Amino acid sequence: WEFNGSFYQPSAFLMMGIPGLEALHPWLSIPFCALYLSALLGNCVILFIVRRTPSLHEPMYYFLCMLALTDLGLALCTLPTTLGLFWFGVRRIAFDACLTQMYFIHILSFIESSVLLAMAFDRFMAISHPLRHAAILTRSTVLKIGLAIVLRGMLSLLPIPFLLKRLTYCGRTELSHSFCFHPDIMNLACADIKVNVFYGMIILLSTVGMDFVFIVLSYILIIRTVVSLTTREECLKALNTCVSHICAVLVFFIPMIGLSMIHRFGKNVPPLVNTLVAYTYLIIPPALNPVIYSIKSTHIREALLRALCRKRG
């Protein structure tokens, strides 16, 4: 402990694995390794395919590359501490290292939410205004959107580590997960955390909350456009281009909303449920998104097959 008058700050926190299943951590690491491997390889393949295929140099696939980069970052943020705990029983994480990990996890989560919103806007423009789509979403415009998304995440979350650092901590140092999460750290403090709660809620609602609302509005407008199409085949073709994105939105937002509700209102929720929802939120989307887009996108499948055929040849 660091002592300064009445101010206490732990030198480190202790991370938790899966409560009640600590003896099985080495075996449980196997599915986690598979998920991390899928996330790393799958997203790298997406980036490689889009970069090497000129026909995929379109706004939809640029945004997909942003999503892949974000998923890679999320996987790499939690991989060292999660596998370190499962393989070697390393539970200790330094206070400043924990705040740094927490900051990047939340930034990348906010960026993923914003990228999904940008992809929804891309689908809306492609279906509702196909003739203006290429003129509006040019390469420079997509780049500006990407920079704005990153700056928005970084600046909105910048005060969070400082708000946590000003708190005094006492007694408990055990986190609920094998990674650092803002509500988890905040609840270990024995000081007034109203400012942290209020700021965290405002930022969550004004970023991720607004992103989700605008994604829903985008799909309402898309459905209105699709309904006005003359033939059933045109309707199905238009909706088919949105299936991958809808799956990615559900895979990301459902566990995120669930985890936020558990941390704020679910004090009586069993620790195992809390842990499983947290892992689902941070590990499943990076692992599943490349699979979803590879299965549903004919262009990516064809480009991947061509790349494999070149290597065999």
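The rules behind the values
- Residues numbered from 1 in each chain as written.
- Predicted model: local features only at pLDDT ≥ 70, side-chain atom pairs only at ≥ 80, totals over all residues.
- Heavy atoms only, no water.
- Helix = DSSP H or I, 4+ residues; strand = E, 2+ residues; numbered from the N terminus.
- Rg over C-alpha atoms; globule rule 2.2 N^0.38 Å.
- Buried < 20%, exposed > 50% of the residue type's maximum accessible area, 1.4 Å probe, protein only.
- Contact = heavy atoms within 4.5 Å.
- Areas by Shrake-Rupley, 256 points an atom, 1.4 Å probe, with all protein chains shown as cover.
- Lys, Arg positive; Asp, Glu negative; His and termini not counted.
- Charge placed at Lys NZ, Arg CZ, Asp CG, Glu CD.
- Axes fitted to C-alpha atoms, helices over the stretch in contact; angles between N-to-C directions.
- Parallel < 35°, antiparallel > 145°, perpendicular 65-115°, else oblique.
- Left-handed = near helix turned anticlockwise from the far one by under 90°.
- UniProt positions renumbered as here; feature names shortened; annotations may be inferred.
- Salt bridge = Lys/Arg side-chain N within 4 Å of Asp/Glu carboxyl O.
- Core = buried A, V, L, I, M, F, W, Y, C linked by side-chain atoms within 4.5 Å.
- pLDDT = per-residue confidence, 0-100.
- Expected span 1.5 Å × (residues − 1).
- Bend = angle between axes of the 7 residues up to and from the residue.
- Disulfide = S-S within 2.5 Å.

Chemist: Requested: an account of the overall build of the protein, with residues and values cited.
Modeler: Looking only at helices and strands, the protein has 12 helices and four strands in total. Since a compact globule built from 313 residues should have a radius of gyration of about 20 Å, the 21 Å found for the protein is in line with a globular shape. C-alpha atoms of the protein, sized along the principal axes, occupy 70 × 45 × 35 Å. The buried share of the protein, reckoned over its 313 residues, is 48%. Pairs at least 24 residues apart make up 80% of the contacts formed inside the protein by residues separated by at least 6 positions. By element, 72% of the accessible surface of the protein is carried by carbon and sulfur atoms, the whole surface being about 15,900 Å². Taken together, the 24 basic and 14 acidic charged side chains of the protein have centroids lying 6 Å from each other.

Chemist: Before we move on, can you summarise the packing of helix 2 (residues 59–88) against helix 3 (residues 95–128) with the specific residues and values?
Modeler: For the pair helix 2 and helix 3, interaxial distance at closest approach is 9 Å and the crossing angle is 160 degrees. What the angle tells us is that helix 2 and helix 3 run roughly antiparallel. In this structure, the crossing between helix 2 and helix 3 has a hand that is left-handed.

Chemist: So what's going on with the UniProt feature "transmembrane region" (unreviewed entry) in the protein? Which residues, and what values?
Modeler: In the numbering used here, UniProt assigns the "transmembrane region" (unreviewed entry) feature to residues 24–49, 61–90, 102–121, 142–164, 197–222, 243–264 and 276–295. The span residues 142–164 is 96% helix and 0% strand, and its two end C-alpha atoms sit 35 Å from each other. Between the end C-alpha atoms of residues 276–295 there is a gap of 26 Å, over a span that is 100% helix and 0% strand.

Chemist: Tell me about the pattern of salt bridges, and name the residues and values.
Modeler: Oppositely charged side chains may form a pair once their charged atoms are brought near each other. Per the stated rule, a full pass over the model turns up four salt bridges. A salt bridge links Lys-165 to Asp-96, with the shortest nitrogen-to-oxygen separation between them at 2.7 Å. Here Asp-96 lies in helix 3 and Lys-165 lies in helix 6 (residues 159–165), a separation of 69 residues in the sequence. Take Asp-96: its relative accessible area is 46%, and that puts it in the partly exposed class. Linking Arg-123 and Asp-122 is a salt bridge whose minimum nitrogen-to-oxygen distance equals 3.0 Å. Arg-123 gets classed as buried once you look at its relative accessible area, which sits at 8%.

Chemist: Residues and numbers for the nonpolar core, please.
Modeler: A general tendency of soluble globular proteins is for nonpolar side chains to be buried together. Of all hydrophobic cores here, the largest spans 89 residues; its most connected members are Phe-13, Leu-116, Leu-164, Tyr-169 and Ile-185. The residues touching Phe-13, leaving out its near neighbours within four places in the chain, are Arg-91, Arg-92, Ile-93, Phe-95, Cys-98, Tyr-169, Thr-173, Leu-175, Ile-185 and Leu-188.

Chemist: So what's going on with the confidence of the model for the protein? Residues and values would help.
Modeler: Per-chain confidence: the protein averages 89 in pLDDT, with 97% of residues scoring 70 or above. Per-residue pLDDT, averaged within each element of the protein, yields its smallest value for strand 1 (residues 2–4) (47) and its largest for helix 5 (residues 139–157) (96).

Chemist: Talk me through helix 8 (residues 194–227); I want residue IDs and the actual numbers.
Modeler: Compared with the 50 Å implied by 1.5 Å per residue over 34 residues, the 47 Å span of helix 8 between its first and last C-alpha is a close match. Along helix 8, the sharpest change in direction is near 30 degrees and occurs at Leu-205.

Chemist: I'd like a rundown of the environment of Cys-98, residues and numbers included.
Modeler: Relative to the helices and strands, Cys-98 resides in helix 3. Placed 87 residues apart in sequence, Cys-98 and Ile-185 show a C-alpha to C-alpha distance of 8.9 Å.

Chemist: I'd like to hear about the state of the cysteines, residue by residue, with values.
Modeler: Every disulfide links exactly two cysteines, by a covalent bond between their sulfur atoms. The final tally for this structure, using the stated rule, is two disulfides. Disulfide partner of Cys-98: Cys-180, at an S-S distance of 1.9 Å. Across the S-S bond linking Cys-98 and Cys-180, the dihedral sits near -120 degrees, which makes this disulfide left-handed. One end of the pair, Cys-98, is in helix 3; the other, Cys-180, is in the loop between helix 6 and helix 7 (182–186), and 82 residues separate them in sequence.

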